[in-house]
Structures are given as C-alpha cells and as structure tokens.
Amino acid sequence: MALLLGIENDPVRAFLLLYLIITVLSIIVFKLGFAKRLPPLKSALIYLFLIIGCMPLAFFGIGLPVAEGLIVAALILIIYKVRLYQSKKENG
C-alpha cells in the first residue's frame, strides 16, 4: 500500500495518507466486529486511543501489509454482517 501511495517520491504525504487509511480501516473493523453500545464519552475515549494507536501501525505499514490485512478483515466482517442480517430477516 505504501508503494501505491508513492512513499519513495513524497514520503511525508504518503505516510499521512497511509496513516489516514489505516485509521479509517481500523475504525471500520472495530465498529463492525467489536464495538458495543457505550456512553458518548467512553466511546470518544476509545476512538481517541484507537486513533493514537494507529500511529505505530502506520510505521509498520510502510514495510508490512497492515492496510491490506485491515481491508481483508473489513470485507470478512461486512460479509458476516450482511449474512447475519439476511438470516435474522428470514427468521424474524
């Protein structure tokens, strides 16, 4: 992913884009797979720590397939949620 973003030509811009992509994908995966109903302040605190925690993932994402793994995880969770919704709709 880092090479697609042009990390060798403009490293600062590419790193910021990689960080943004990893953060958005992490939020999607968290929301689809792990999030529970929480009060707004607790939810904001969790998302703040998630945003901070994505910084090391972005550093690892320069050489490792972090963003690609998050894309696969998000797709699997989306398929799971769609099938769960269809199953509940049929049984409901």
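Preceding block: the structure.
Notes on the structure in this doc start here. Quantities reported herein were computed from a predicted structural model and do not represent experimental measurements.

Let's talk about the pattern of salt bridges
Any two side chains of opposite charge can pair, so long as their charged atoms come close to each other.
Right, so step 1: Evaluated as defined, the whole model comprises one salt bridge.
Right, so step 2: The residue Asp10 makes a salt bridge to Arg13 at a minimum N-O spacing of 3.5 Å.
Right, so step 3: For Arg13, a relative accessible area of 43% corresponds to the partly exposed category.

Notes on helix α2 (residues 40-61)
Right, so step 1: Relative to the 32 Å expected for 22 residues at 1.5 Å per residue, α2 spans 30 Å between its end C-alpha atoms, a close match to the ideal helical length.
Right, so step 2: Of all the bends in α2, the largest measures some 30° and sits at Met55, one to four residues before the proline Pro56.
Right, so step 3: Regarding α2, the residues found buried are Cys54, Ala58 and Gly61.
Right, so step 4: Against α1 (11-33) and α3 (66-91) lie the buried residues of α2.

Notes on the side chain of Thr23
Right, so step 1: Along the chain, the position of Thr23 falls in helix α1.
Right, so step 2: Among the residues examined, Thr23 registers a relative accessible area of 9% and is labelled buried.
Right, so step 3: Discounting chain neighbours no more than four positions away, the residues touching Thr23 are Ile51 and Cys54.

Thresholds, definitions, all that
- Residues numbered from 1 in each chain as written.
- Predicted model: local features only at pLDDT ≥ 70, side-chain atom pairs only at ≥ 80, totals over all residues.
- Heavy atoms only, no water.
- Salt bridge = Lys/Arg side-chain N within 4 Å of Asp/Glu carboxyl O.
- Buried < 20%, exposed > 50% of the residue type's maximum accessible area, 1.4 Å probe, protein only.
- Helix = DSSP H or I, 4+ residues; strand = E, 2+ residues; numbered from the N terminus.
- Expected span 1.5 Å × (residues − 1).
- Bend = angle between axes of the 7 residues up to and from the residue.
- Contact = heavy atoms within 4.5 Å.

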